[in-house]
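Here is how the chains run, residue by residue.
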Amino acid sequence: MAKRKKDDEYRTFQDEWTEEFAFVERAGSAVCLICNDKITSMKRSNVKRHFDTRHATFASKYPAGDSRKKACQELLSRVQASQQQLRVWTRQGDYNSASFAGSLAIVRNGKPFTDGEYAKTFMLDVANELFDDLPNKDKIIKRIQDMPLAARTVHDRTIVMANKVEETQVKDINAAPFFSLALDESTDVSHLSQFSVIARYAVGDTLREESLAVLPLKGSTRGEDLFKSFMEFAQEKNLPMDKLLSVCTDGAPCMVGNKKGFVALLREHENRPILSFHCILHQEALCAQMCDKQFGEVMSLVIRVINFIVARALNDRQFKTLLDEVGNNYPGLLLHSNVRWLSRGKVLSRFAACLKEIRTFLEMKGIEHPELAETEWLLKFYYLVDMTEHLNQLNVKMQGIGNTVLSLQQAVFAFENKLELFIMDLETGRLLHFEKLSQFKDACTASEPIQNFDLHQLARCTSSLLQSFKARFGEFREHTRLFKFITLPNECSLNTANLSYIPDVSVRDFEAEVADLKASDMWVNKFKSLNEDLEIITRQKAELVSKHMWTEMKKLQPEDQLILKTWNALPVTYHTLQRVSIAVLTMFGSTYACEQSISHLKNIKSNLRSRLTDESLNACMKLNLTKYQPDYKDISKSMQHQKSH
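Residues numbered from 1 in each chain as written. Predicted model: local features only at pLDDT ≥ 70, side-chain atom pairs only at ≥ 80, totals over all residues. Heavy atoms only, no water.

(A) Layout of the overall build of the chain. Tallying secondary structure elements over the chain gives 32 helices and eight strands in all. Taking 645 residues into account, the globule formula puts the C-alpha radius of gyration at 26 Å, and the chain, at 34 Å, lies well above it. The C-alpha extent of the chain, read off along each of the three principal axes, is 125 × 75 × 55 Å. Considering only contacts within the chain whose residues lie at least 6 apart along the sequence, 70% involve residues at least 24 apart. Roughly 33400 Å² of accessible area belongs to the chain as shown, and the carbon and sulfur atoms make up 50% of that amount. A gap of 7 Å separates the mean positions of the 85 positive and 82 negative side-chain charges of the chain. (Helix = DSSP H or I, 4+ residues; strand = E, 2+ residues; numbered from the N terminus. Rg over C-alpha atoms; globule rule 2.2 N^0.38 Å. Contact = heavy atoms within 4.5 Å. Areas by Shrake-Rupley, 256 points an atom, 1.4 Å probe, with all protein chains shown as cover. Lys, Arg positive; Asp, Glu negative; His and termini not counted. Charge placed at Lys NZ, Arg CZ, Asp CG, Glu CD.)

The structure is reproduced here in C-alpha cells:
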C-alpha cells in the first residue's frame, strides 16, 4: 500500500517542476513553456529527459538556481499574458465569424480569394473617414486590422462553409420523401468538362433547388463516364438513390441514349422505372429552329449585313454615328449567337428598328443588297420579326427557378393554341397578332393599293411550326393527368401507369383516399381556394412583367410553395395523396437551373482564374447557388480565435 501511495504522488504534477524544468500543468498534462509540447505521463524522469534533450541550450544559459527560476517565471508570465489577450479578443468580438462573413460575401460576388486583402483595405479607408467623429474610432480600426482576410484564409473559410452546406443538403435529401435531378454538361475555360448536378426536393413547406456538385470529367464524356462520375459521388455522399424519382436532361445522346445513355444506365442500375424529361426549353428552341429552315435566306442576309457593320471597327463607329445623327434611340446592331435562346428574336427586332439607317449606310459604302427593298423579302422578314418575338415571350415565360412541370406544360399548350390563332389571322389577312408585318403591309398598300401579298405562304409556315410543336413534348403530354393532380385532385383520375414511377405508393390506398377527398366539401373547397390564390399570383406576375418590374416579381410567393403548403395542411389520412403531390412538385421540367449554374461557373472560372482547383471551384459554385445560409457563427465556435498577423 505504501508503495502504491508513493507512485501516485510521484505521477502527479509537482509545482517545483515549473522553476526547475519550465513546465506547467494544463488539462491533465505537463506542458513545456519553451516549446509548448505536452507530456501525458507525468513522471519526473519524463519531464527531466525532455528538458535535458530538447532545451540543453536553455539549461546551459540559465543554470539551476535563481537565474533559471527567474527565466521560467518570465516564460510563465508571457504565456499567461497571451492567454489573457486571447480572452480579451474573445470578449471584444468574434474575428472568425467576421472573417467567415467577409469570405462569404467575396465568394458570392464571384470575386477571387485575393480580394480579401482589398476588402480589408477598403474597409479601413472608409472607416477612417466614416467614424472620424467617434471617440472609439481607434478600436474600430484595430478590429478591422485584426480581422483575418488573407487569400489562404478566405479559401479555407470557403471550403469549410461549402462542406457545411453540403452536409445540410444531403441531410435534407435523406429526410425528403423524393428528389429529382437536373443534369447538364459543359466545357470550362481550361477545356475541362464539368458535369452540373442539381437536385430538387421538399423540406417542410419549402421546395429547394440546390447544386449538389460540379463534377470534373478529365477524359471522354460518354454516357458511361457521366454515370460513373455521378454514382461515385452519390455513394461517397450517401445519397438515397431509392428516392430518386425523375431526371431532366438537355436530350443529348450521352444522356438519353437507349443503351449507353446516362438515364438508361441509371434505370439498369436501380432496376426500376425512372421518369426522364427532355428539357422543355431546349425542345422549344428546337421547334423555333423551324423558322430558320423556312426562312433561311432571310436570316442569312440579316447576319451577313450585321457582320459587315459590327465586326469591322470602322464600320461600327460610322454606323453608330449615323444612328446618333438621325436621332435613332438604339446604340447599334446586335450580333447573332446560335446558342442563346433569345438571340434570334432580339437581333431581328433591332435590325427592323434600324432598317432605314442600314440601307443608307450600305448605300454610302457602295454595298448592294436589293433584297432589303423587295416586298417579298420584307414580307418574310417582318413575319419572322413578329414570330420570333412570340417565341421569345414563351421562352422567357418558362425560364426561372421553381417552375412546376404543370406550369411549363400549360405554357406550351397555350402557345399551341395561339399558333392556331396565328394561322387563322394570316389566312384572313387581319394580322392582329403580327404588329410589324401589319405596319409594313399598310405602308405598302398606301403607296400601291393594288399590290397583292402572299400571306397564305406565311400561314403554311406557321402550320409547320405548329406541327413541330405537336410532334414534341411527348413525355409532358403522356403525364398530363398526373401533373394536373397537384391542383385539381378531386377532378383528376389517375391509373396504375401514372403511379408506377412513384416509389412506395399503394394504388389501393390512393384510390380510397381520392374517394374520401371527393366526398369532403371542406378539402375540396381548400383546393378551390388554392386555385383562386394561384390566379391572383398569375395576374400579379402578368402585371409586373408588362411593367418590366423583375425585382418585384421575385418578392411574390412561389406557386410551387403555395401548392406544397396546401398539401401539407391535409391530415395524415391523406398520406398517399400527399406523397403523389410532393413527387410531382419535385420533378424538373427544364434544365434552367443547370444553365444558370454553368453561367456562374464560367464567371467564376474565367481566363483570369483558369487554374482554380476542382475543390475550390465546387465550393465557390455551391456557395453562389445555394439558398442555405452557412451558420458561420456556429462553425467559428469550434475554431481557435485568431487575429490577422
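(B) Looking closely at the sheet that holds strand E3 (residues 38-39). With respect to topology, three strands assemble into an open sheet ordered E1-E2-E3, the strand pairing being antiparallel. Each edge of the sheet is formed by a strand with only one pairing partner; in this case those strands are strand E1 (23-26) and E3. Across four bridges, E1 lies against strand E2 (residues 29-32) in antiparallel orientation. Across the sheet, residue Arg26 finds its bridge partner in E2, namely Ser29. (Pairing = 2+ DSSP bridges.)

(C) Looking closely at the sheet that holds strand E6 (residues 206-217). Strand order across the open sheet formed by five strands is E6-E5-E4-E7-E8, with mixed pairing between neighbours. Both outer strands of the open sheet, E6 and strand E8 (275-278), are each paired with one neighbouring strand and no more. If you compare each strand with its neighbour and ignore which way they point, the axes differ by 20° on average. Judged from the four bridges that link them, strand E7 (residues 244-249) and E8 form a sheet pairing that is parallel. Bridge pairing in E8 links Ser246 to Leu275. Seen against the sheet, helix H30 (residues 592-604) touches strand E4 (179-187), strand E5 (193-203) and E6 and runs at an angle of roughly 40° to E4. (Axes fitted to C-alpha atoms, helices over the stretch in contact; angles between N-to-C directions.)

(D) Looking closely at the confidence of the model for the chain. Chain-level statistics for the chain give a pLDDT mean of 88 and a share of 94% at 70 or above. A low-confidence stretch, residues 1-9 stays under pLDDT 50, and its non-local contacts, those more than four residues away or across chains, total one contact. Counting interchain partners and residues more than four positions distant, the pLDDT-below-50 stretch residues 89-93 has six contacts. (pLDDT = per-residue confidence, 0-100.)

(E) The arrangement of the side chain of Ser246 in detail. Tracing the backbone shows Ser246 in strand E7. By relative accessible area, which is 1% here, Ser246 ends up buried. At 2.8 Å, the side chain of Ser246 and the side chain of Ser180 are in polar contact. (Buried < 20%, exposed > 50% of the residue type's maximum accessible area, 1.4 Å probe, protein only. Polar contact = N/O pair within 3.5 Å; in protein donor to acceptor, adjacent residues only side chain to side chain.)

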